Amino acid sequence: MKTSLDKKVKDYEINNDYFNVLGEQSSAWRHEYLRHKNTILFRGDVLNENTFDKEFIDLIVTSPPYNVDIQYNSNKDDLSYEQYLDFSEKWMTNCFKWSKTQARFLLNIPLDKNKGGQKSVGADLTSLAQKIGWKYHSTIIWNEGNISRRTAWGSWLSASAPYVIAPVELIVVLFKDNWKKTNGSKNSDISKEDFMEWTNGLWTFNGESKKRIGHPAPFPIQLPHRGIKLFSYLRDVVFDPFAGSGTTLIAASNNNRIGVGLEIDINYCEIAKQRILKETNNIIFSNEKTKNTIRSHNGVL
Ligand SMILES: C[S@@+](CC[C@H](N)C(=O)[O-])C[C@H]1O[C@@H](n2cnc3c(N)ncnc32)[C@H](O)[C@@H]1O
């Protein structure tokens, strides 16, 4: 007779067939850098439409380069705004092609851009995504609560040209064809408390330390962790086309999803690899409120 523990074990098992959705491990367009437990990291370029030739994605959680002159190793982060929109259109189109029909897309982007001229990046990329075919669901505001970075006030104490900036980022929630999810394992693993808290679209948690991670722009694990729990089922394929230090892949693995990442830079692939090897057994969050949802890797302990 099956016990409830058997059922739980089954819920958390990763079926090897899922890896086969990607076919060949490496190809002319991508190099398999790491395959570990339920994680695959490829070195490759999201701008190349041949990188994948199948629809394999259930959920995308990603933060693209923001074009704010961050010193990445392998890509320029100081394009003109037109070039940046062109870059954004290309990668979001490729991700659309590689996504399953009910895929969701969590796009972490800035609200505004100030360096090199004020731009409504959040609004512009949201419109662009819809032009490509992504459908709009909603926007989560991530309140980073960090105002210490403020250096510019515009016209100090004068109405002539004051400078306003909100210490928040966006997580735009998009989807491919229909919002209602009928495919996949149909097993959700979110607690009542987290569901109630996270469906309130104002998320407050701190950013991640660049120094600690060794990457110029990592996001905190809370971001993909919440997105994965809220918007995907157990064993879904979670994709990050800008994997960086591997944060999304770690959150996917520790939540018993299949994490697939793409990263162009070999040094960041190595950072991601070392993090994944180290952090995908037991993950411990310091956030009190989420403590009750954190499980060990196999999810049954
Ligand atoms: C904002 S960072 C992502 C950080 C990641 N969320 C993390 O937590 O570490 C953007 C990443 O995209 C990578 N990248 C830039 N252009 C790329 C491209 N064309 N294809 C794949 N990766 C790219 C950069 O090397 C960088 O690591």
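Residues numbered from 1 in each chain as written. Predicted model: local features only at pLDDT ≥ 70, side-chain atom pairs only at ≥ 80, totals over all residues.

Chemist: I'd love a proper account of the overall build of the protein, names of residues and values included.
Modeler: In terms of regular secondary structure, the protein is built from 9 helices and 9 strands. Out of the 301 residues in the protein, the part that is buried amounts to 34%. Put simply, of all contacts in the protein between residues at least 6 apart along the chain, 71% involve residues at least 24 apart. (Helix = DSSP H or I, 4+ residues; strand = E, 2+ residues; numbered from the N terminus. Buried ≥ 20, exposed ≤ 12 C-beta atoms within 10 Å, placed from the backbone. Contact = placed C-beta atoms within 7 Å.)

Chemist: Lay out the site of the ligand in plain terms, naming residues and giving numbers.
Modeler: As a structural note, the neighbourhood of the ligand is formed by 21 residues, with P218, F242, G244, S245 and T247 the closest of them. The residue makeup of the shell around the ligand, split by class, is 11 nonpolar, 7 polar and 3 charged. (Near = placed C-beta within 6 Å. Nonpolar A, V, L, I, M, F, W, Y, C, P; charged D, E, K, R; others polar.)

Chemist: Tell me about the sheet that holds strand β4 (residues 99–110), and name the residues and values.
Modeler: Taken in spatial order, the 9 strands make up an open sheet running β1-β2-β9-β8-β3-β4-β6-β5-β7, and their pairing is mixed. Looking at which strands have only one partner, the edges of the open sheet turn out to be β1 (30–36) and β7 (202–204). On average, each strand axis in the sheet is inclined to that of its neighbour by 20°, with strand direction left out of account. Examined bridge by bridge, strand β5 (residues 135–143) and β7 share 3 bridges and lie parallel to one another. From the neighbouring strand, W142 faces β7, where its bridge partner is W203. This element, helix α4 (residues 121–132), spans β4, β5 and β6 (168–175) of the sheet and lies at about 165° to β4. (Pairing = 2+ DSSP bridges. Axes fitted to C-alpha atoms, helices over the stretch in contact; angles between N-to-C directions.)

Chemist: Report on the environment of V46, specifying residues and quantitative values.
Modeler: Position of V46 among the secondary structure elements: in the loop between β2 (39–44) and β3 (57–62). Residues V46 and K90, spaced 44 residues apart in sequence, show a C-alpha to C-alpha distance of 8.4 Å. Contacts of V46, omitting those with residues within four sequence positions, involve T51, W91, N94, P241, F242 and L262.

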